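Examination of the molecular architecture
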Amino acid sequence: MLDPHLLRTELDHVKKELMRRNFVLDADTYAALETQRKAIQITTQELQNQRNSGSKLIGQAKAKGDDVQPLMDEIQHLGDLLKTAETELADVQAKMSEIAEGIPNILDSSVPNGKSEEDNQEIYRWGDVPAFNFTPKDHVDLGEKLKGINFELGVKIASARFVVLTGALARLQRAIIQLMLDTHLNDHGYEETYVPFLANAESLRGTGQLPKFEADLFKASDSPALYLIPTAEVPVTNIVRDTIVDAKALPLKYVCHSPCFRSEAGAYGRDVRGMIRQHQFEKVELVQIVRPEDSQQTHEELTQHAENILKKLKLPYRKVLLCAGDTGFSSSKTYDLEVWLPGQGAYREISSCSNFKDFQARRLQARWRNPETGKPELVHTLNGSGLAAGRTLIAVMENYQDAQGSVRVPEALQPYMGGLKVIEGRV
RNA sequence: GGAGAAAUGGCCGAGCGGCUGAAGGCGCUCCCCUGCUAAGGGAGUAUGGGCUUUAACUCCCAUCGAGGGUUCGAAUCCCUCUUUCUCCGCCA
């Protein structure tokens, strides 16, 4: 959510900023509501004031034993007026917050203009794209040959966009997750967390998935309303909802492995082959809660932490700064890390690292006590995949394949595979 | 799942329908005092909004788990919900 103060005082500026996202803010409607709100709030509070002071007089008169009836007659009628005013006020406020909750974050000034992924800005590439003296297979063919990835079983047990992993490949995914967790714990100083995989509406509202993107979620229960988490960002960031964090405790650095569930409602026909786009996938998520002045720097560091995993696995990737049109609703600035997939001959997203600044914090009422002002102030929140485990598995398979269709185990993963160096096809 | 009890500031804890945004204690901050320490004395110590076309102060409004209701007036009375605790049952 944006600062209501900003919406009040610099509405035109906000509108102009949001144009970069192709988001059209109905400023006139909002401004009209704001004018109404102000007027109604003033009358409401004036009425409340009259009632309060009148009631106080009655109390005092009663204590003295005076006749109270005339006073009571005087303020009795206020009740109805107040009720009307209060209802009207609540109504206007509800309308305003409905609009406000649907407004995306203002982009950082460093975010380039652009409409779609094509306008994203490549920052740099890392690693050498492997040269094969044979035609590299994609992970679907490799997985079939290695008898470790089975999409038919996913369909049988659940539906399309689910998968069953077995044997060494299932273990390889777990090894990848272990490597990531250990790296973030030991090298990057994160704290491991274990969280609910179902989240309530309030939590999802806090991180920005609700109310606007309910269609992307799986709802698991109606009362209470619970949703399968689309990312660990939701439960982990909500750790600080409605809290005032001690300044000395910042930054909070959490790492969390979790499954993620996405309905992929808008993705019919996209990435139907393979496990690029699944309803359920594993991810290791990094979340940081920081002082506002630190978030810019933290964003760079957090992205670096995700990159370090790719480097440990020696997977070629590129770092991309998302353009205005491709940056997510809650984010002010996002770097994507895209890993090279030989099977597709393309770079594909494997991590997304975002600085939300105070956008989520305001929805979450996540604050810290600034020692300089002594006042509670909003924190900044950031997160990034470090990394998506399913896609990492794919990337390892495709980049480490040989002509026989076997997959070498990257050195960094061998300790987690009981020393196994090569995954070979089996009968 | 059944029965009962409870929910008040950073924490503990009081609170008869009116003078209670809230006693008292602890903690914390500042000041005073005493070589140091300990002890002692004094003052202060919730959040959000009205609120910006200077800001601060004063002022006004809201908030005692949440939401409704009764009333001129609710922390206090009534209803619903949530959560926590105790006992029973069930369970990895």
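Model, not experiment: these values are computed from the prediction.

Per the secondary structure count, chain A includes 13 helices and 18 strands. By residue count, 49% of the 427 residues in chain A fall in the buried class. In chain A, of all internal contacts separated by at least 6 residues, the share reaching a separation of at least 24 is 73%. With an accessible surface of roughly 20600 Å², chain A has 50% of that area assigned to carbon and sulfur atoms. Here chain A holds 51 positive side-chain charges and 59 negative ones, and the gap between their average locations is 4 Å.

What follows covers the domain arrangement of chain A. When the parts of a complex come together, some accessible area is lost, and that lost area is often taken as the interface size. You can read the domains of chain A as domain 1 (4-101) and domain 2 (117-423). Domain 1 and domain 2 are separated by 44 Å when their C-alpha centres are compared. In this assembly, 5 residues from domain 1 lie in contact with 11 residues from domain 2. At the boundary of domain 1 with domain 2, total buried surface from both sides reaches about 620 Å², with 42% on carbon and sulfur atoms. The salt bridge involving Arg205 is made with Glu101; its shortest N-O contact spans 2.4 Å. Viewed at the interface, domain 2 and domain 1 are joined by 5 residue pairs in polar contact (both at pLDDT 80 or more).

This paragraph deals with the protein's contact with RNA strand B. Contacts to RNA strand B come from 22 residues, most closely from His5, Lys38, Gln41, Gln48 and Ser55. Here RNA strand B approaches the protein such that, of its atoms within 4 Å, sugar and phosphate make up 74%. In this structure, a sugar or linking oxygen belonging to RNA strand B sits 2.7 Å away from a side-chain N or O atom of Gln48. Here a phosphate oxygen of RNA strand B and a side-chain polar atom of Arg369 are 3.3 Å apart. Only helix H1 (4-9), helix H3 (27-64), helix H4 (69-76) and strand S14 (366-369) provide two or more residues apiece to the surface near RNA strand B. Residues of the surface near RNA strand B, tallied by class, amount to 5 nonpolar, 9 polar and 8 charged.

The subject of this paragraph is the sheet that holds strand S7 (residues 226-228). Judged by pairing direction, the sheet is antiparallel, and its 3 strands sit side by side in the order S5-S7-S6 without closing on themselves. Looking at which strands have only one partner, the edges of the open sheet turn out to be strand S5 (198-200) and strand S6 (219-221). Put simply, the sheet's adjacent strands are angled 40° from each other on average, direction ignored. Bridge analysis of S6 against S7 gives 2 bridges, and the strand direction is antiparallel. By the bridge assignment for S7, Ser221 is matched with Leu226.

Tallied over the entire structure, the rule returns 21 salt bridges. Salt-bridge contacts for Glu34 lead to Arg8; the nearest nitrogen and oxygen are separated by 3.5 Å. In this pair, Glu34 is assigned in helix H3 and Arg8 in helix H1, connecting sequence segments 26 residues apart. Asp91 serves as the salt-bridge partner of Lys95, at 3.7 Å between the closest nitrogen and oxygen.

Time to look at the sheet that holds strand S8 (residues 243-245). Strand order in this open sheet of 3 strands is S8-S14-S15, and the pairing throughout is mixed. The open sheet has two edge strands, S8 and strand S15 (376-378), and neither has a second partner. Direction aside, the axes of adjacent strands within the sheet are offset by 40° on average. Pairing geometry for S8 and S14, over 3 bridges, is parallel. In the strand pairing of S14, Ile244 is matched with Arg367.

Our focus in this paragraph is the packing of aromatic side chains. Considering all chains together, one arrives at 6 aromatic pairs under this definition. Where Tyr194 meets Phe197, the ring centres are 5.8 Å apart and the plane angle is 70°; that geometry is what we call edge-to-face. Put simply, the rings of Phe213, Phe329 and Phe359 pair up and form one aromatic cluster. Here the guanidinium or amino end of Lys253 rests over the ring plane of Tyr190, the centre of that ring lying 4.9 Å away. Here the guanidinium or amino end of Lys319 rests over the ring plane of Tyr335, the centre of that ring lying 4.4 Å away.

Reading the values: rules and limits
- Residues numbered from 1 in each chain as written.
- Chains lettered and ligands numbered in written order.
- Predicted model: local features only at pLDDT ≥ 70, side-chain atom pairs only at ≥ 80, totals over all residues.
- Heavy atoms only, no water.
- Helix = DSSP H or I, 4+ residues; strand = E, 2+ residues; numbered from the N terminus.
- Buried < 20%, exposed > 50% of the residue type's maximum accessible area, 1.4 Å probe, protein only.
- Contact = heavy atoms within 4.5 Å.
- Areas by Shrake-Rupley, 256 points an atom, 1.4 Å probe, with all protein chains shown as cover.
- Lys, Arg positive; Asp, Glu negative; His and termini not counted.
- Charge placed at Lys NZ, Arg CZ, Asp CG, Glu CD.
- Domains from an automatic or database assignment.
- Buried area = accessible area lost by both parts, 1.4 Å probe.
- Salt bridge = Lys/Arg side-chain N within 4 Å of Asp/Glu carboxyl O.
- Polar contact = N/O pair within 3.5 Å; in protein donor to acceptor, adjacent residues only side chain to side chain.
- Near = heavy atom within 4 Å.
- Nonpolar A, V, L, I, M, F, W, Y, C, P; charged D, E, K, R; others polar.
- Pairing = 2+ DSSP bridges.
- Axes fitted to C-alpha atoms, helices over the stretch in contact; angles between N-to-C directions.
- Phe/Tyr/Trp six-rings, centres within 6.5 Å; stacked < 30°, edge-to-face > 60°.
- Lys NZ or Arg CZ within 6 Å of the ring centre and 35° of its normal.

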